[in-house]
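Each chain is listed here by its residues.
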Amino acid sequence: MGSSFLSGIGPLKLPPTTTKRMIELRDVSQIYRTAHGDVRALDHVSLAIAQGEFVALRGPSGCGKTTLLLLAGGLALATEGEVVVAGRSLAALSRAERASFRASEIGFVFQTFHLLPYLNVVDNVLAAAIDASRKETIQRADALLERFALIERRTHRPGQLSAGERQRVALARALLNQPRIVLADEPTGNLDPENGCIVLDLLAEYHREGGTVLLVTHEEQAAARAGRCIQMDRGKVLSVGNADLAGART
Ligand code: ADP
Ligand code: MG
């Protein structure tokens, strides 16, 4: 095993990238229609995140951070505007194409882990696998568990794990398919500072290997890991930080 969790399994085989803008929102609005009227969760948002950036997304509760992440990951389609991720306009993809795009390009990490309680650790990691029966895929799952100090927990169920361990399982699952993008929604929100720090270290390591990270967080120690901070309020982007995307047109 090398010192890096990705090089330990072989180099990070990110597909060659011609796209310099990994995530781009062009005048995007998201409106939720409810029985009590419409909620404009995103209000004409435009932003771009370059390949290999580590960006923190911040703002008060309810300002639209999770909505933005769901749109960037193709889990929802924007009401208005265009979302382009890894060079593809998500609205132009069929449902099946979007699912396969998500599986190969995007790793999701959530505050509440979202592990499957009836599957053990390694099967949770493999649950997201594009091909869970391939020998290399299983080896890769084990290498991630080794790197994440979870190998002794391999056959434990999530209910037998600490919160920190559960989030490391979720991160291993997110990285299994070697996605070019990780979208993390308050991944340290349910962790003590020490375990939060471990999860952030692993995210930072993925970023150093070439990954693009968009991290929603309320925490100073988490935001400090990012190269840039995007600030939101009430559905709008207030500031995009020091984006230097002038030479990064797709
Ligand atoms: P954040 O993650 O910043 O807390 P969200 O993106 O979850 O914000 O929510 C933005 C706004 O959209 C909030 O007012 C929230 O109540 C509303 N909202 C989110 N999801 C839905 C939904 N499925 N239906 C109706 N309103 C929603
Ligand atoms: Mg949220």
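Above this note sits the structure.
The structure presented is a predicted model; accordingly, all values stated were derived computationally and were not measured.

Colleague: I'd like a description of the pairing of strand S7 (residues 181-185), backed by residues and values.
Modeller: In terms of burial, S7 is largely enclosed, as five of its five residues are buried. Residues of S7 alternate between two faces, with Ile 181, Leu 183 and Asp 185 on one and Val 182 and Ala 184 on the opposite face, all of them buried. As defined by bridge partners, strand S6 (residues 106-110) adjoins S7 across five bridges and the pair is classed as parallel. The partner of Phe 110 across the bridge, within S7, is Asp 185. Summarising the sheet, S7 and strand S8 (residues 212-216) pair through five bridges and their orientation is parallel. Across the sheet, Leu 183 pairs through a bridge with Leu 214, a residue of S8. What joins S7 to S8 is helix H6 (residues 193-208), and the crossover it makes is right-handed.

Colleague: Help me get a handle on helix H5 (residues 163-175), residues and values and all.
Modeller: Each turn of an α-helix holds 3.6 residues, which means side chains three or four residues apart point in the same direction. Spanning 13 residues, H5 covers 19 Å between terminal C-alpha atoms, matching the ideal 18 Å at 1.5 Å per step. Where burial is concerned, most of H5 is hidden: 11 out of the 13 residues are buried. Among all positions in H5, only Glu 165, Arg 166, Gln 167, Arg 168, Val 169, Ala 170, Leu 171, Ala 172, Arg 173, Ala 174 and Leu 175 are buried. Each element contacted by the buried residues of H5 is listed here: S6, helix H3 (121-126), helix H4 (135-147), S7 and H6.

Rules behind the numbers
- Residues numbered from 1 in each chain as written.
- Chains lettered and ligands numbered in written order.
- Predicted model: local features only at pLDDT ≥ 70, side-chain atom pairs only at ≥ 80, totals over all residues.
- Buried ≥ 20, exposed ≤ 12 C-beta atoms within 10 Å, placed from the backbone.
- Helix = DSSP H or I, 4+ residues; strand = E, 2+ residues; numbered from the N terminus.
- Pairing = 2+ DSSP bridges.
- Right-handed = clockwise from strand over helix to strand, strands pointing away.
- Expected span 1.5 Å × (residues − 1).
- Contact = placed C-beta atoms within 7 Å.

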